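Each chain, letter by letter, is given below.
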Amino acid sequence: MVPDADFLVKPVKTSRRGFLSFLSVATGIVGSIVVAIPVVGFFLAPVFKKPPGTWQVVGAVQDFEVGKIVEVEIEDSSTVPWTGVTAKTGAWLHRKSDSEFVAFTLNCSHLGCPVRWEAGAQLFMCPCHGGVYYIDGVVAAGPPPRPLQQYPARVRNGKVQVRSSPIPISS
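Residues numbered from 1 in each chain as written. Predicted model: local features only at pLDDT ≥ 70, side-chain atom pairs only at ≥ 80, totals over all residues. Heavy atoms only, no water.

**Q** Lay out the state of the cysteines with the relevant residues and their values.
**A** Disulfide: a covalent bond connecting the sulfur atoms of a pair of cysteines. Within this structure, the stated rule accounts for one disulfide. Looking at the unpaired Cys108, the closest cysteine sulfur is the one in Cys126, lying at 3.8 Å. The exposure class of Cys126 is buried, given its relative accessible area of 8%. (Disulfide = S-S within 2.5 Å. Buried < 20%, exposed > 50% of the residue type's maximum accessible area, 1.4 Å probe, protein only.)

**Q** Which residues make up the nonpolar core, and what values go with them?
**A** One finds Trp92, Phe104, Val115, Phe124, Tyr133 and Leu148 to be the most contacted residues of the largest nonpolar core, which totals 13 residues. Residues in contact with Phe124, not counting those within four places in the same chain, are Ile69, Trp92, Phe104, Val115, Arg116, Trp117, Gly131, Val132, Tyr133, Tyr134, Ile135 and Leu148. By size, the runner-up hydrophobic cluster in this structure holds 12 residues, among which are Val72, Phe101, Ala103 and Tyr151. (Core = buried A, V, L, I, M, F, W, Y, C linked by side-chain atoms within 4.5 Å. Contact = heavy atoms within 4.5 Å.)

**Q** Go over the sheet that holds strand S6 (residues 123-125), please, and point to the residues and values.
**A** Sheet architecture is open: four strands sit in the order S5-S6-S7-S8, paired in antiparallel fashion. Either end of the sheet is taken by a strand with one partner, and the two such strands are strand S5 (116-118) and strand S8 (139-141). Direction of pairing for S6 relative to strand S7 (residues 132-133): antiparallel, over a ladder of two bridges. Bridging across to S7, Met125 finds its partner in Val132. (Pairing = 2+ DSSP bridges. Helix = DSSP H or I, 4+ residues; strand = E, 2+ residues; numbered from the N terminus.)

Geometric values such as these leave the question of function open.
So this is what it looks like as structure tokens:
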């Protein structure tokens, strides 16, 4: 007895035009997915970010001398978990008294170049365009349009903490 031939699939001949059409559609779908991945990542990135403004311990109170300004390491809170070492940034920490600390960003308010502390002159200096800031972060000279951004700083349980925020971008 011969089985019913309806369940057998007959091979379909594909023309060159049909094959190229299929190939074009498949390439378009793959290309769309490749483009869509970064776009979806852009919209999902805030889900994976740490909340801005996290308090980070930068050292014990006794590690800092009254009147001195030192650079401390903090983590940029605008980064995503996979940024690794690039998430590390810093702040200039000024111990004004036994219990008062002020932290400034490392970035010039002009174009974001890193400023350095010149202890002898008691000034923050920007090497890029000659920006100069007083010890309190106020503009002394040069093109910076506003003072150095300050990070909130506090003392908790004998530890100095700095509240990080995203690295400021010049406007």
